[in-house]
Amino acid sequence: MEYLLIFTAVAGIVLFVAFFLHSTREAREEYQGTGGAKLEPGDFWSDLGPPASAAVSGIFSSEDEQFIVSEADERVSALFRRERKRLALRWIEHQKQEASGIMSRHRDASRRAADLQPANEVKLFLRYARLKVTFEFLAVSVWLVGPQRLRGLAEEANAVFHGMQNVKTLRGN
Amino acid sequence: MLPADAWEAYEDFRTRTLSRIPSKLERLVYIASTRDYNSGIYQHEGLAGRFGKEAAARALEYAHGEVFQAVSLLSLRRVTEELRTYMESSREHPTAFLNAWQKLEPYRVAIPLRVDPTIAELFISNIKIALAVLRHRLLETPDHPPVALPPPSPAPRSPLPFRN
């Protein structure tokens, strides 16, 4: 009996992780399919300018850190670390709020929807869950080691975030 | 997207005015200086004379957003170099320049009205750090003068070109 329970639990976790990873990969592919929100010369923004996601490369840049280290001044380095940490945490909070906003609007729309698609709902929920976990992990990591070593994770979170927006767009919400 | 007349004004402004300003930061400060502090409306007599006030204002707002985006997303090394170039072209004493910029933070007026707050914060943060780097370099210079403020300039001196 115990073996059956353990087997079921392990199978459930494996399936969940597989679905989760699949969902994340799809999100990234969709994001890349839209051009990865890169800003081209001549592009202009509709309302608030380039999105906060464009700031990722600056906030999480290790190139900037190398430049500051080359200046060899402890006060400048301390200012740099403090500023980047503050900005990174602010960015994470901003993206979390945006994601919550998307989910909230989506829930409202879902309540009125006649043609609810369970597969899309599950996909969106998993992306949201993954995003929440990633952002929490990212926030803790920023506190511990600073943002410069976390650019890959931040960009991945960004990709999942844009994937979420795309699911929303595809459903016309 | 800009309407045709504003786009034409923007192209004219970009080729005839912006292209003559060498650094991105100087371009940003120049465009920001065409914006009225009270109303937030951009004004440029030469451009308005050719394309109309509204088209000129929209063209300047567009150019402002574009240049701000370019400066905000520069690496810290580039921002520091841009700021150094701007400081040198201002012909102000470096100590006076750094004192004013660090205390008064005049670069905040260079932020467009419609901009994502995170991008604006990145811009402010980068300028703050670049100023600290330039201050450090100045102090490292063996013959740097005392840190006291020099007397104010007899007349306003701006590195920015005239408006045409």
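Whatever comes next refers back to the structure up there.
Residues numbered from 1 in each chain as written. Chains lettered and ligands numbered in written order. Predicted model: local features only at pLDDT ≥ 70, side-chain atom pairs only at ≥ 80, totals over all residues.

1. Things to note about the overall build of chain A
Secondary structure summary: chain A contains six helices and zero strands in total. Taken from the N to the C terminus, the helices and strands of chain A come in the order α-α-α-α-α-α. Counting all 173 residues of chain A, 29% fall into the buried class. In chain A, once contacts between residues fewer than 6 apart in sequence are set aside, the share between residues at least 24 apart is 82%. (Helix = DSSP H or I, 4+ residues; strand = E, 2+ residues; numbered from the N terminus. Buried ≥ 20, exposed ≤ 12 C-beta atoms within 10 Å, placed from the backbone. Contact = placed C-beta atoms within 7 Å.)

2. Focus on the overall build of chain B
Secondary structure summary: chain B contains seven helices and zero strands in total. Ordered by position from the N terminus, the helices and strands of chain B form the series α-α-α-α-α-α-α. Going through the 164 residues of chain B one by one, you find that 40% of them count as buried. Once local pairs closer than 6 in sequence are excluded, the contacts in chain B between residues at least 24 apart make up 79%.

3. Some details on the interface of chain A and chain B
Between chain A and chain B, the contact holds 28 residues from the first and 22 residues from the second. Contributions of two or more residues to the side of chain A that touches chain B are made by α2 (56–59), α3 (62–71) and α4 (74–112) of chain A. In terms of residue count, α4(A) provides more of the side of chain A that touches chain B than any other element does, eight residues in total.

4. Some points on the packing of helix α1 (residues 4–16) of chain B against helix α4 (residues 53–72) of chain B
Residues and elements named next belong to chain B. The contact between α1 and α4 brings their axes to 8 Å, and the two run at 60°. As the angle between them shows, α1 and α4 are arranged oblique. Crossing hand, α1 versus α4: right-handed. Side by side, α1 and α4 meet where Asp-5, Ala-6, Ala-9, Tyr-10, Phe-13 and Arg-14 of the first sit next to Ala-55, Ala-56, Arg-58, Ala-59, Leu-60, Tyr-62 and Ala-63 of the second. Broken down by class, the residue content of the contact of α1 with α4 amounts to ten nonpolar, no polar and three charged. (Axes fitted to C-alpha atoms, helices over the stretch in contact; angles between N-to-C directions. Parallel < 35°, antiparallel > 145°, perpendicular 65-115°, else oblique. Left-handed = near helix turned anticlockwise from the far one by under 90°. Nonpolar A, V, L, I, M, F, W, Y, C, P; charged D, E, K, R; others polar.)

5. Here's the deal with α1(B)
Residue and element names in this part refer to chain B. End to end, α1 covers 18 Å across 13 residues, agreeing with the expected 18 Å (1.5 Å per residue, within 8%). Of all the positions in α1, only Ala-6, Ala-9, Tyr-10 and Phe-13 are classed as buried. Around the axis of α1, the buried residues are gathered within 100° of arc, so they sit on the same side. Across from the buried face of α1, at angles greater than 90 degrees, the exposed residues are Ala-4, Glu-11, Thr-15 and Arg-16. In this fold, the buried residues of α1 make contact with α3 (45–51) and α4. (Expected span 1.5 Å × (residues − 1). Arc of directions from axis to C-beta.)

6. Some remarks on the environment of Leu126(A)
Secondary-structure assignment places Leu126(A) in helix α5 (residues 118–145). In the structure, Leu126(A) is positioned 62 residues away from Asp64(A) in sequence and 34 Å away in space, judged by C-alpha atoms.

7. Let's talk about the nonpolar core
In this structure, Ala9(B), Leu28(B), Ala59(B), Leu83(B) and Ala130(B) are the most contacted members of the largest nonpolar core, which totals 69 residues. When residues no more than four places from it in sequence are discounted, the contact partners of Ala9(B) are Leu47(B), Phe51(B), Ala55(B), Ala56(B) and Ala59(B). (Core = buried A, V, L, I, M, F, W, Y, C linked by C-beta atoms within 7 Å.)

8. Overview of the environment of Phe13(B)
Inspection of the secondary structure puts Phe13(B) in helix α1. In the structure, Phe13(B) is positioned 47 residues away from Leu60(B) in sequence and 8.0 Å away in space, judged by C-alpha atoms.

9. A word on unusual backbone geometry
Leaving glycine aside, a negative phi is the common case for residues, and trans is the common case for peptide bonds. Although it is not a glycine, Ala72(A) adopts a positive phi angle of roughly 50°. As for its placement among the helices and strands, Ala72(A) is situated in the loop between α3 and α4. The phi dihedral of Arg91(B) is positive, around 65°, even though this residue is not glycine. Mapped onto the elements, Arg91(B) comes out in the loop between α5 (76–90) and α6 (94–104).

10. A look at the packing of α5(B) against helix α7 (residues 117–140) of chain B
All names here are of chain B. Interhelical geometry of α5 versus α7 gives an angle of 65° and a closest axis separation of 9 Å. Considering the angle they form, α5 stands roughly perpendicular to α7. In the packing of α5 onto α7, the handedness of the crossing is right-handed. Between α5 and α7, the contacting residues are Leu-76, Val-79, Thr-80, Leu-83, Arg-84 and Met-87 on the first element and Asn-126, Ile-127, Ile-129, Ala-130, Leu-131, Val-133 and Leu-134 on the second.

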